[in-house]
Amino acid sequence: TAEAAAAPTGSDYAVWIALPACASVLLLAITSHLSQNVAPMPFLWVLPLALYLLTFILCFESSGWYQRWLFVPVMILAFGGMGITLSRDYHNQPLWIMLPLFAGGLFAACMVCHGELAKAKPHPRHLTAYYLMMSVGGAIGGLFVSLAAPRFFNDLYELPIGIVATVLVVAWVFARERTVYSDAAARGSLALAAVLAAGLSYVYKGLAEDTRVVVRNFYAALRVHDSGADDNAMRVLTHGTITHGKQYLSAEKRSWPTTYYGRKSGVGLAIETQRSIAAGGIKIGVVGLGVGTLATYGNDGDTVRIYEIDPQVVDLARKEFFYLGDSKAKIEIALGDARLSMSNEAAQHFDVLAIDAFSSDSIPVHLLTLEAFKTYFKHIKPGGLLAVHISNRHLDLQPVVAEAAKALNKTARLIDTDDEEALGTYGATWVLIGDSVEIFNHEKLKEVAEVLAPTRSVGLWTDNFSDVYRILK
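Residues numbered from 1 in each chain as written. Predicted model: local features only at pLDDT ≥ 70, side-chain atom pairs only at ≥ 80, totals over all residues. Heavy atoms only, no water.

Here's the deal with the packing of helix α6 (residues 158–177) against helix α7 (residues 180–208)
Viewed as axis vectors pointing N to C, α6 and α7 meet at an angle of 165°, and their least axial separation amounts to 8 Å. In terms of axis orientation, α6 runs roughly antiparallel to α7. Between α6 and α7 the crossing geometry is left-handed. Residue-level contacts link P160, I163, V164, V167, L168, A171, F174, A175 and E177 of α6 to S182, D183, A185, A186, S189, L190, L192, A193, L196, A197, L200 and Y204 of α7. Among the residues forming the contact of α6 with α7, the class breakdown is 17 nonpolar, 2 polar and 2 charged. (Axes fitted to C-alpha atoms, helices over the stretch in contact; angles between N-to-C directions. Helix = DSSP H or I, 4+ residues; strand = E, 2+ residues; numbered from the N terminus. Parallel < 35°, antiparallel > 145°, perpendicular 65-115°, else oblique. Left-handed = near helix turned anticlockwise from the far one by under 90°. Contact = heavy atoms within 4.5 Å. Nonpolar A, V, L, I, M, F, W, Y, C, P; charged D, E, K, R; others polar.)

Structure (structure tokens):
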């Protein structure tokens with residue numbers, strides 16, 4: 001007790017709060033980015049958290065693990081790479097680039113934050129305040145991402161804010177040391193923070209070009225923007241890094257089904273096949289509204305029932321796009337989780353039921369289990385078709401759907417189409433599932449429907465078992 005120990009200054013307290021706050025913001029923002037654009041699976045929650053906690057262990061176990069000369073440059077390079085992948089031109093990167101970049105960048109950034117935090121540890125007399133401020137900082141970061149950002153931002157700005165804030169805080173830490181080396185490092189960090197801020201501002205300014213609406217809620221950040229000109233002018237809805245629908249604006253073309261739902265796509269052929277078989281109007285079920293593209297297939301006497309969990313999507317589809325308003329069919333929208341809604345309602349007797357409820361490239365696993373498929377077929381009339389959209393950059397969903405069809409003693413066929421730029425359609429992969437092989441002998445299907453040939457075995461997904469890790473491409 002006789003040992004002299006200078007009381008911490010206000011600057012010390014601020015550093016003890018700011019460093020863990022930046023690490024916490026990056027942990028949550030990067031986890032959210034990976035989960036929304038790949039899959040909401042435990043692997044992509046646990047990996048960032050494990051790396052975050054590991055940096056605490058390494059930095060506080062020994063001063064030898066954290067080396068400024070190594071981790072600060074790696075952090076800056078990773079931040080630059082993240083900024084590039086956030087741009088519209090480079091966001092569609094394969095998993096082998098995205099996962100090491102974001103996970104490695106998080107590890108390097110947390111090593112810097114926690115390494116500098118460990119260096120700032122005070123005399124033992126003041127450790128209580130030190131650890132309390134560290135906890136306060138982590139809590140502030142979590143509250144910012146979880147509560148403040150969704151309330152005050154209309155887009156996912158917490159990741160670029162976390163990147164720039166981390167570099168600024170590190171520059172401040174360097175400047176506090178008042179040495180020739182640290183002063184130079186501080187100036188360099190400030191310059192890099194300015195470059196990163198300018199680059200990220202340019203990226204988000206590019207995303208904002210021709211943007212009509214940007215909205216955000218618990219489920220998603222959605223952006224509506226216009227592109228093209230004259231007869232090729234289109235309105236586009238994006239969710240995360242994925243286009244969730246677009247529509248031509250000209251009166252001549254705005255009834256065209258675009259993106260993944262063209263006339264030659266699996267779902268388009270399924271609807272036209274059932275129409276040619278039915279004596280009168282048909283009933284189409286859709287899980288996942290998007291911009292309402294599939295409503296354009298509805299004719300007089302048809303019913304299109306759409307299940308959508310996000311009320312924000314419904315508002316945008318009605319206000320910004322024309323498919324729902326222009327459709328000749330009766331449109332019904334069931335707001336809420338599709339599987340729960342179907343479980344609680346009487347059989348709908350769908351001629352075609354389309355499953356396309358993906359958020360960005362993330363998949364709702366509970367819509368792909370055996371129990372979910374049993375629910376779907378409760379609502380599909382005999383001879384009807386279930387159409388499952390399995391296009392995905394990162395996940396191979398074909399074996400999952402194949403196992404479910406096999407377990408239910410159904411026949412499944414794959415329809416894979418290519419881009420047709422003139423029609424505004426993308427390459428899409430759909431799996432059609434019917435009661436028997438006879439439906440696939442129909443003239444509209446027999447030339448294009450292929451037998452499923454999954455290249456891996458994943459086991460049957462149920463509500464008690466699913467393994468997204470094994471279907472990573």
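Still more to cover.
A short note on the environment of A6
Tracing the sequence through the fold places A6 in the segment before α1 (10–37). In this structure the C-alpha to C-alpha distance between A6 and F56, which are 50 residues apart in sequence, comes to 26 Å.

Side note on the pattern of salt bridges
Under the defined criterion, the tally for this structure stands at 19 salt bridges. Taking the shortest distance from any N to any O, the salt bridge between D155 and R223 comes out at 2.1 Å. With D155 in the loop between α5 (127–152) and α6 and R223 in strand β2 (residues 221–227), this residue pair connects regions lying 68 residues apart in the sequence. Given the relative accessible area of 10%, D155 is considered buried. K410 is paired through a salt bridge with D435; the nearest N and O atoms lie 2.8 Å apart. In this pair, K410 sits in the loop between α13 (398–407) and β10 (411–417) while D435 sits in the loop between β11 (428–434) and β12 (450–451), placing the two residues 25 residues apart along the sequence. Given a relative accessible area of 32%, D435 falls into the partly exposed group. Several salt bridges converge on common partners, so that one network encompasses R305, K330, E332 and E345. (Salt bridge = Lys/Arg side-chain N within 4 Å of Asp/Glu carboxyl O. Buried < 20%, exposed > 50% of the residue type's maximum accessible area, 1.4 Å probe, protein only.)

Things to note about a negative patch on the surface
Taken together, the side chains of D416, D418, D419, E421 and E450 make up a negatively charged region of the molecular surface. Checked against the element boundaries, E450 lands in strand β12. With a relative accessible area of 44%, E450 lands in the partly exposed category. (Patch = residues over 30% accessible without salt bridge, like charges linked within 9 Å, V, L, I, M, F, W, Y side chains within 5 Å. Areas by Shrake-Rupley, 256 points an atom, 1.4 Å probe, with all protein chains shown as cover. Lys, Arg positive; Asp, Glu negative; His and termini not counted. Charge placed at Lys NZ, Arg CZ, Asp CG, Glu CD.)

Structural notes on unusual backbone geometry
Here D230, not a glycine, exhibits a phi torsion of approximately 55°, which is positive. Along the chain, D230 turns up in the loop between β2 and β3 (234–239). Backbone geometry at H349 places phi at a positive 60°, although glycine is not the residue there.

Focus on the sheet that holds strand β1 (residues 211–216)
Strand order across the open sheet formed by 4 strands is β1-β2-β3-β4, with antiparallel pairing between neighbours. Here the strands that pair on one side only, and so sit at the sheet edges, are β1 and β4 (242–248). For this sheet, the mean angle separating the axes of adjacent strands, direction not counted, is 15°. Here β3 pairs with β4 via 6 bridges, running antiparallel. Bridge pairing links M234 to Y248 in β4. (Pairing = 2+ DSSP bridges.)

Describing the packing of aromatic side chains
Under the defined criterion, the tally for this structure stands at 15 aromatic pairs. Ring geometry for W16 versus Y130: centroids 5.3 Å apart, planes at 90°, classification edge-to-face. With W16 in helix α1 and Y130 in helix α5, this pair connects stretches of sequence that are 114 residues apart. No difference in accessibility class separates W16 from Y130, as the two residues are buried. Connected via pairs of aromatic rings, a cluster forms that spans Y13, W16, Y130 and Y131. Over the ring of F152 we find R151, and its NZ or CZ is 5.9 Å from the ring centre. Lying over the aromatic face of Y248, K253 brings its terminal NZ or CZ to 5.0 Å of the ring centre. (Phe/Tyr/Trp six-rings, centres within 6.5 Å; stacked < 30°, edge-to-face > 60°. Lys NZ or Arg CZ within 6 Å of the ring centre and 35° of its normal.)

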